Amino acid sequence: MPRLSEVIAALDVLWPPERAEGWDAVGTVCGDPDQEVSRVLFAVDPVQDIVDEAVKRGADLLVTHHPLYLRGTTTVAASTFKGRVVHTLIKHDIALHVAHTNADTADPGVSDALAGALDLRVVRPLVPDPSDPDGRRGLGRVCELDHPLTVREFAARAAERLPATAQGIRVAGDPEALVRTVAVSGGSGDSLFEDVRAAGVDAFLTADLRHHPASEFMAARAHSAQGAHSPLALLDAAHWATEWPWCELAAAQLDEISDRKGWGLRVHVSKTVTDPWTAHAASAADPSDPLGAPN
């Protein structure tokens, strides 16, 4: 069996920590470099439910996309929920390793996995990494559909292919407009609106779209179109759902490394839903009725 330091070295080749954003907190949170690793669990969030699953599976290493301590801390007391996570991990000799923005921009990365889940062909990064001479790394992806779909049909595909959440898929734009090209970005994506506009795509699928940025983006698109075509459509999925496909991709990458090196690792992907929203109640009013808002 490999040592933790050997497995982490392999993961750092896939997602070099120096490629993470300066504000990010990636790398190994806890774990003895000399401990042996036989079972690995991948998940999006380092929350207690996931840590408890790692304990039940007998995992030696938990790899998550989201950091545990993004902004630092002064305590790991078990009286706090993050401290309890740390205590549980250490008590059961489970290491925690994080690959966040360094996995977002990797080749392949989070948005490649999202595109694959939606059956899209990746054309190029939405925001290329200037340090990559091959032009394959970067944030988000510009993609093509195998055949045109309406916005309504593409939203239905996304709802079917991505993990089920209470939110589902929200849409802004003409539901009957045709979609041939799509930009995707796993996780929060409304900071990429200018890049999406420059890409000239028909739709943008991401997560965590806020009211004002989305409203202003759609208004600007309609104004610039001057009636020539329908504004670009926005598809807003749950944050967790857009990033979960990366866990399957990352697990497959580690499986390949394990086979090549003869490590014999048992690699698992958590199917525990850690999206914080648990229910959804549809509006009773017809959203197409301009008088549907209450007085």
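Residues numbered from 1 in each chain as written. Predicted model: local features only at pLDDT ≥ 70, side-chain atom pairs only at ≥ 80, totals over all residues. Heavy atoms only, no water.

K.L.:
Hey, could you go over the nonpolar core for me, with residue numbers and the actual values?
P.N.:
Across soluble globular proteins, nonpolar side chains show a tendency to be buried alongside one another. Formed by 53 residues in total, the largest nonpolar core has its most connected members in Phe42, Leu61 and Trp246. Of all the elements, helix α9 (residues 239-261) adds the most residues to this core, at 9 residues. (Core = buried A, V, L, I, M, F, W, Y, C linked by side-chain atoms within 4.5 Å. Buried < 20%, exposed > 50% of the residue type's maximum accessible area, 1.4 Å probe, protein only. Helix = DSSP H or I, 4+ residues; strand = E, 2+ residues; numbered from the N terminus.)

K.L.:
Lay out the pattern of salt bridges in plain terms, naming residues and giving numbers.
P.N.:
The tally for this structure, following the rule as stated, stands at 14 salt bridges. One salt bridge in this structure joins arginine 136 and aspartate 107, with 2.8 Å as the shortest N-O distance. You can see arginine 136 sitting in the loop between β5 (121-128) and β6 (138-150) and its partner aspartate 107 sitting in the loop between α4 (101-104) and α5 (110-117), a full 29 residues away along the chain. Between glutamate 176 and arginine 152 there is a salt bridge whose closest N-O contact spans 2.7 Å. Remark: arginine 152 occurs in helix α6 (residues 151-161) and glutamate 176 occurs in the loop between β7 (170-172) and β8 (178-188); sequence separation between them is 24 residues. For glutamate 176, a relative accessible area of 45% translates into the label partly exposed. Because the salt bridges share partners, they merge into one network encompassing Asp129, Asp132 and Arg137. (Salt bridge = Lys/Arg side-chain N within 4 Å of Asp/Glu carboxyl O.)

K.L.:
How would you sum up the sheet that holds β8? Please name residues and give values.
P.N.:
Working definition: the strands of a sheet are paired by backbone hydrogen bonds and lie parallel or antiparallel to each other. Sheet architecture is open: 6 strands sit in the order β5-β6-β8-β9-β10-β7, paired in mixed fashion. Taken across any chain shown, the strands that pair with only one partner, and hence form the sheet edges, are β5 and β7. Shown here is a sheet whose adjacent strand axes are inclined to one another by a mean of 25°, direction ignored. In this sheet, β6 lies alongside β5 in antiparallel orientation, the contact comprising 6 bridges. Across the sheet, the residue bridging to arginine 121 is glutamate 144, located in β6. (Pairing = 2+ DSSP bridges. Axes fitted to C-alpha atoms, helices over the stretch in contact; angles between N-to-C directions.)

K.L.:
Any details on the pairing of strand β9 (residues 203-207)? Residues and values, ideally.
P.N.:
With respect to burial, β9 is a largely interior element, 5 of its 5 residues being buried. Of the two faces of β9, the one lined by Ala203, Leu205 and Ala207 and the one lined by Phe204 and Thr206 are each fully buried. In terms of strand pairing, β8 meets β9 through 4 bridges, oriented parallel. Residue serine 188 lies in a different strand from β9, and its bridge partner there is alanine 207. A crossover links β8 with its parallel partner β9, the connecting element being helix α7 (residues 193-199), and its sense is right-handed. (Right-handed = clockwise from strand over helix to strand, strands pointing away.)

K.L.:
Report on the side chain of aspartate 45, specifying residues and quantitative values.
P.N.:
Along the chain, aspartate 45 falls in the loop between β2 (39-43) and α2 (48-57). For the buried aspartate 45, no salt bridge is present, and the opposite-charge side chain at shortest range is lysine 82, 9.8 Å distant. Within polar-contact distance, the side chain of aspartate 45 engages the side chain of histidine 66 at 2.5 Å. Among all residues touching aspartate 45, those that are not within four sequence positions of it are Ile50, Thr64, His66, Trp240 and Thr274. (Lys, Arg positive; Asp, Glu negative; His and termini not counted. Polar contact = N/O pair within 3.5 Å; in protein donor to acceptor, adjacent residues only side chain to side chain. Contact = heavy atoms within 4.5 Å.)

K.L.:
Just give me the short version of the packing of aromatic side chains, but keep the residues and values in it.
P.N.:
Counted according to the given criterion, the structure contains 4 aromatic pairs. Between phenylalanine 193 and phenylalanine 204 the ring centres are 6.2 Å apart and the planes differ by 75°, which places this aromatic pair in the edge-to-face class. Of the two residues, phenylalanine 193 sits in helix α7 while phenylalanine 204 sits in strand β9, which places them 11 residues apart along the sequence. A ring pair is formed by phenylalanine 193 and phenylalanine 217, whose centres lie 4.4 Å apart and whose planes are at 20°; its orientation type is stacked. (Phe/Tyr/Trp six-rings, centres within 6.5 Å; stacked < 30°, edge-to-face > 60°.)

K.L.:
Outline the packing of helix α1 (residues 4-14) against α9, listing residues and values.
P.N.:
In a pair of packed helices, the angle between the axes and the distance between the axes together describe the arrangement. Interaxial distance between α1 and α9 falls to 11 Å at its minimum, and their mutual angle equals 125°. When the interaxial angle is binned, α1 and α9 end up oblique. Note on packing geometry: the crossing formed by α1 with α9 is right-handed. Residues Val7, Ala10, Leu11 and Leu14 of α1 form the contact with α9, whose participating residues are Gln253, Leu254 and Ile257. A breakdown of the residues in the contact of α1 with α9 according to their chemical character gives 6 nonpolar, 1 polar and no charged. (Parallel < 35°, antiparallel > 145°, perpendicular 65-115°, else oblique. Left-handed = near helix turned anticlockwise from the far one by under 90°. Nonpolar A, V, L, I, M, F, W, Y, C, P; charged D, E, K, R; others polar.)

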